[in-house]
Amino acid sequence: MEKVRVRFAPSPTGKLHIGGARTALFNWLLARHTGGTFVLRIEDTDTERSTQASVDQIISSLKWLGLDWDEGPEIGGEYGPYFQSQRLHLYEEKAQELIDKGLAYLCYCTPEELEAKREEARRQGKAPRYDGHCRNLTDQDRVRLAAEGRQPVVRLKVPAEGETVVDDIIRGRVVFKNEVLDDFIIVKSNGMPTYNYACVIDDYAMKLTHIIRAEEHLSNTPRQILLYQALGYELPQFAHVPMILAPDRSKLSKRHGATSVEEFREEGYLPEAIINYLALLGWSPEGTDEVMPIERIVEEFSIDRVSKTAAIYDVKKLAWINGHYLRELPLERIVAEVIPFMQKHGLLAASPEPAKLELLTKAVDLTRDRAKTLEELVDVVSYFFSDDFEYEEKGVRKHFVPAGAGEILRQAKEIIASVEPFEHQVIEEVYRTRAEELGIKPAKLIHPTRLAVSGRTIGPGLFELVELLGREKSLERIDRAISFIEQELPAQIAANDNK
Ligand code: GLU
Ligand code: ZN
């Protein structure tokens, strides 16, 4: 079989969105699964909307996701350049060829004239399509129109009858009537190629075998096929991957939360989790496992198992998968990932001391099964790095307000001050014995201590927490809680009663 060559062809007009990332991923997976080639091509002929910042963003997001390309920007390749803006001569040359063969022609209609005709068509209840006005101009006509200062576009001659069939790997045969595809523009009046045209020239020149792209492009494909035919090119195989919809089946947009890879990164998602999740948006593995490392996805991937029904984007599932990777990846990796997030929240210095890093490693080890994102992980380790926390309100009501709460904490303080060695098993033993002596349940001692040292009602095992926090810090915080209970709290309650 012919070696697979696939591409991802983003337009650099914004960040890499999850839809784009999923398209890139499916192409990459097919290349890696078959030992083929994955090409990155930047479609930057829309000079008004394309920016260098977007190119940089897209490239950095792809790299971060681990979607490496075999040909493209930064590395080049046999079929470069890989920026369409650097391939304009090619589009010009081929357009001239099509014109010379009588398969395309110059059209001098101005946008105003075209709009007037569309308006007229609408009034008559007809589909507004180009009427072929310039199809049969003579040389004299052209000279005259050019002399009027008109800048022509190039249009492809599309047969008025018959149909164009897209034979899609995922969607099967999709038939388009040619009468709905008018003589479309392939070169704009500013000399720039249109998307459909440049795409065909490049997909062919770059010897791509499969065009895997979003379903949104399906309506472009018959036009592209007409171009392949006019140019005498053999067709590649097409596969249009299903749309990604929001849970309410509407179009995915800002109001559904993060939609770009960069935003997910900033919210503390791991590339492994995003890749794993995106793979499941449209593709389904044969087995029932959903958490699959990339090696296994590569091994099992096939376009035949990509569904044609829309995929529903579910951030809860992404978070669930992310939580899984947070727990399962090597500890050092998670620590390395969380450091910039700690720094962003001012919980860690720009160049942290070794002792702080050791504390972070232990704290992450203790708490990482309680977080779904790196942001959440920062939250669950924060009280190891900052004394500046408040007590959870419902915890205060439950554990600090009841009479005797101060006395309970004095018991805890005594244990923590004297227990030897300061290790969690030993601390636990003494807590349990002391509870028994006092004739109370261990929980009566444990919960108030947790609230005092962490400000929270839930968290990792209290004794591990206290051991890691250290004797001194734990005592300090218990003292602070006692004075809160005995001094601040009564004043607060009195103030509330007077309201
Ligand atoms: N530049 C197009 C886009 O970003 C590429 C579509 C295609 O893959 O053909 O949507
Ligand atoms: Zn015209």
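Everything here concerns the structure above.
Counting of residues starts from 1 at the beginning of each chain's written sequence and follows it residue by residue. Whichever chain is written first becomes A and whichever ligand is written first becomes 1, with later ones labelled in order. Totals for whole chains, interfaces and linings use every residue, but because this is a predicted model, local features are given only for residues with pLDDT of at least 70 and side-chain atom pairs only at 80 or more, for both listing and counting. Hydrogens and waters are ignored; side-chain quantities use all the structure's heavy atoms.

(A) Spotlight on the overall build of the chain. A helix here means a DSSP run of H or I that spans at least four residues, while a strand means a run of E at least two residues long, and both kinds are numbered starting from the N terminus. Each helix and strand counted, the chain has 20 helices and 11 strands in total. Note on method: radius of gyration uses C-alpha positions; expected globular size equals 2.2 Å times residues raised to 0.38. Relative to the globule expectation of 23 Å for 499 residues, the C-alpha radius of gyration of the chain, 32 Å, shows a markedly less compact shape. Whether two residues are in contact is decided by their heavy atoms, any of which lying within 4.5 Å being enough. Across the chain, every contact between residues at least 6 apart in sequence was considered, and the portion connecting residues at least 24 apart equals 75%. Of the roughly 24700 Å² of accessible surface on the chain, 50% is carried by carbon and sulfur atoms. Asp and Glu count as negative and Lys and Arg as positive, but His and the ends of the chain are not part of the count. The atom standing in for a charge is NZ when the residue is Lys, CZ when it is Arg, CG when it is Asp and CD when it is Glu. Taking the average location of the 65 positive side-chain charges in the chain and that of its 81 negative ones, the two points are 5 Å from each other. To be clear on the numbers: accessible area is Shrake-Rupley with a 1.4 Å probe, and residue cover counts the displayed protein chains and nothing else.

(B) Region of interest: the site of ligand 1. By convention in these notes, a residue is near a molecule or strand provided one of its non-hydrogen atoms lies within 4 Å of it. Around ligand 1 sit Arg 7, Ala 9, Pro 10, Ser 11, Glu 43, Tyr 195, Cys 199, Arg 213 and His 217, and that is every residue in its neighbourhood. A 3.5 Å cut-off defines polar contacts: any pair of N or O atoms within that distance qualifies, except that in protein one atom must be a possible hydrogen donor and the other a possible acceptor, and neighbouring residues in sequence count only when both atoms are side-chain atoms. Taking Arg 7, its side chain carries an N or O atom lying 2.6 Å from an oxygen atom of ligand 1. One of the side-chain nitrogen or oxygen atoms of His 217 is found 2.7 Å away from an oxygen atom of ligand 1. For ligand 1, whose accessible area on its own is 300 Å², the fraction buried by protein is 81%. Because more than half of its atoms lie within 2 Å of the grid, ligand 1 is assigned to the largest pocket. Looking at the shell around ligand 1 residue by residue, the class counts come to 4 nonpolar, 2 polar and 3 charged. Site definitions follow a grid-based scheme: protein atoms alone, a 1 Å grid, a 1.4 Å probe that fits but cannot get out for cavities, and for pockets an open set with protein on both sides within 12 Å along at least five of seven lines, plus lining residues having an atom within 4 Å of a point. If over half the atoms of a molecule are within 2 Å of the grid points of a cavity or pocket, the molecule is regarded as sitting in it. Each residue gets one label: Ala, Val, Leu, Ile, Met, Phe, Trp, Tyr, Cys and Pro are nonpolar, Asp, Glu, Lys and Arg are charged, and the others, such as Gly, are polar.

(C) Region of interest: the coordination of the zinc ion (ligand 2). Bound to the zinc ion (ligand 2) on the protein side are Cys 107 (SG), Cys 109 (SG), Tyr 130 (OH) and Cys 134 (SG), at distances that span 2.1 to 2.3 Å. Metal-centred angles of 99 to 119° between the 4 donor atoms at the zinc ion (ligand 2) mark the site as tetrahedral. The motif formed by the donor residues of the zinc ion (ligand 2), counted along the single chain, is C-x1-C-x20-Y-x3-C. One end of the pair, Cys 107, is in strand β3 (residues 104-107); the other, Tyr 130, is in the loop between α4 (111-123) and α5 (139-147), with 23 residues separating them in the sequence. Residue burial is assigned from relative accessible area. The probe radius is 1.4 Å, only protein chains are included, and a residue is buried under 20% of its type maximum, exposed over 50%, and partly exposed in between. Classification of Tyr 130 by relative accessible area gives buried; the value is 8%. Each metal's donors comprise the N, O and S atoms found within 2.8 Å of it (within 3.2 Å for Na, K or Ca). Water is not part of the atom list, so some coordination spheres may appear incomplete. In short, tetrahedral needs four donors with all angles between 85 and 135 degrees, square planar needs four and octahedral six donors with opposite donors over 155 degrees apart and all other angles between 65 and 115, and whatever is left is irregular.

(D) Examining unusual backbone geometry more closely. With omega at -5°, the peptide bond leading from Gly 80 into Pro 81 counts as cis. For Pro 81, the position within the fold is in the loop between α2 (52-65) and α3 (88-100). In this chain, Glu 420 is followed by Pro 421 through a cis amide linkage whose omega measures -15°. Note on placement: Pro 421 falls in the loop between α16 (405-418) and α17 (424-438). Of note, the phi angle at Lys 207 is positive, near 55°, even though the residue is not glycine. Positionally, Lys 207 belongs in the loop between α6 (195-205) and β8 (210-214). The backbone phi angle of Arg 249 is positive, close to 65°, even though this residue is not glycine. Within the secondary structure layout, Arg 249 lies in the loop between β10 (244-245) and α8 (261-266).

(E) Representation of the sheet that holds β3 in the model. Strand order in the open sheet made by the 3 strands is β3-β4-β7, with antiparallel pairing throughout. At either end of the open sheet lies a strand with only one pairing partner, and these are β3 and β7 (185-187). Ignoring which end each strand starts from, the neighbouring axes of this sheet average 45° apart. With 2 bridges connecting them, strand β4 (residues 153-156) and β7 associate as antiparallel partners. Each residue of the ladder has a partner; that of Arg 155, found in β7, is Ile 185. For two strands to count as paired, DSSP must find a minimum of two bridges between them. Interaxial angle, 0 to 180 degrees, is taken between N-to-C directions of lines fitted to C-alpha atoms, where a helix line uses only the stretch in contact.

(F) Expanded view of the layout of surface pockets. Its boundaries defined by the atoms lining it, the largest pocket holds a volume of some 1200 Å³. Taken together, 37 residues make up the lining of the largest pocket; nearest its centre are Gly 19, Gly 20, Ala 214, Glu 216 and His 217. Listing elements by their share of the lining of the largest pocket, those giving two or more residues are β1 (5-8), α1 (18-34), α6, β8 and β10. At 5 residues, α1 tops the list of elements feeding residues into the lining of the largest pocket. Partitioning the lining of the largest pocket into residue classes produces 15 nonpolar, 12 polar and 10 charged. Grid points are joined across faces, edges and corners, and a volume is the space filled by probe spheres set on the points.

(G) Local environment of the pairing of β8. When you tally the buried positions in β8, you get 5 out of 5 residues, the bulk of the element. With strands facing away from the observer, any crossover in which the path from the first strand over the helix to the second runs clockwise is taken as right-handed. Where the polypeptide runs from β8 across helix α7 (residues 221-231) and back to strand β9 (residues 237-241), its parallel neighbour, the crossover connection is right-handed.

(H) Seen up close, the side chain of Ser 50. Take Ser 50: it is sitting in the loop between β2 (37-40) and α2. Exposure remark for Ser 50: the relative accessible area of 18% places this residue in the buried category.

(I) The arrangement of the packing of aromatic side chains in detail. When the centres of two rings from Phe, Tyr and Trp lie within 6.5 Å, Trp using its six-membered ring, the rings pair. Their planes under 30 degrees apart give stacked, over 60 give edge-to-face, and anything left gives tilted. For the structure shown, the criterion picks out 15 aromatic pairs. Between Tyr 228 and Tyr 233, the ring centres sit 6.4 Å apart and the planes meet at 75°, which makes this aromatic pair edge-to-face. For Tyr 228, a relative accessible area of 1% translates into the label buried. Summarising the aromatic geometry, the rings of Trp 283 and Phe 301 are spaced 5.8 Å apart at their centres and angled 40° between planes, so their arrangement reads as tilted. Of this pair, Trp 283 sits in the loop between α9 (271-279) and α10 (294-300) while Phe 301 sits in the loop between α10 and β11 (311-312), and the two are 18 residues apart along the sequence. Under the relative-accessibility criterion, Phe 301 is labelled buried at 1%. One aromatic cluster in this structure is built from Tyr 204, Tyr 228, Tyr 233 and Phe 238.

(J) Representation of α4 in the model. One fewer than the residue count of a helix, multiplied by 1.5 Å, yields its expected span. Over its 13 residues, α4 runs 18 Å from end to end, which matches the ideal 18 Å to within 8%, given 1.5 Å per residue. A positive backbone phi angle near 70° is found at Gly 125, which sits one or two residues after α4.

(K) A look at the nonpolar core. Take the buried Ala, Val, Leu, Ile, Met, Phe, Trp, Tyr and Cys residues and link them wherever side-chain atoms come within 4.5 Å; each set so joined is a nonpolar core. Grouped together as the largest cluster of nonpolar side chains are 116 residues, with contacts concentrated most on Leu 360, Leu 377, Phe 384, Phe 385, Phe 400 and Tyr 431. Looking at this core, the element that brings in the most residues is α1, giving 9 residues. With sequence-adjacent residues up to four places away left out, Leu 360 is seen in contact with Val 335, Val 338, Ile 339, Met 342, Leu 348, Val 381 and Phe 385. If you look at the next biggest cluster of nonpolar residues, it comprises 33 residues, including Leu 156, Phe 176, Phe 184 and Leu 227.

The quantities given are spatial measurements derived from coordinates; they are silent on function.
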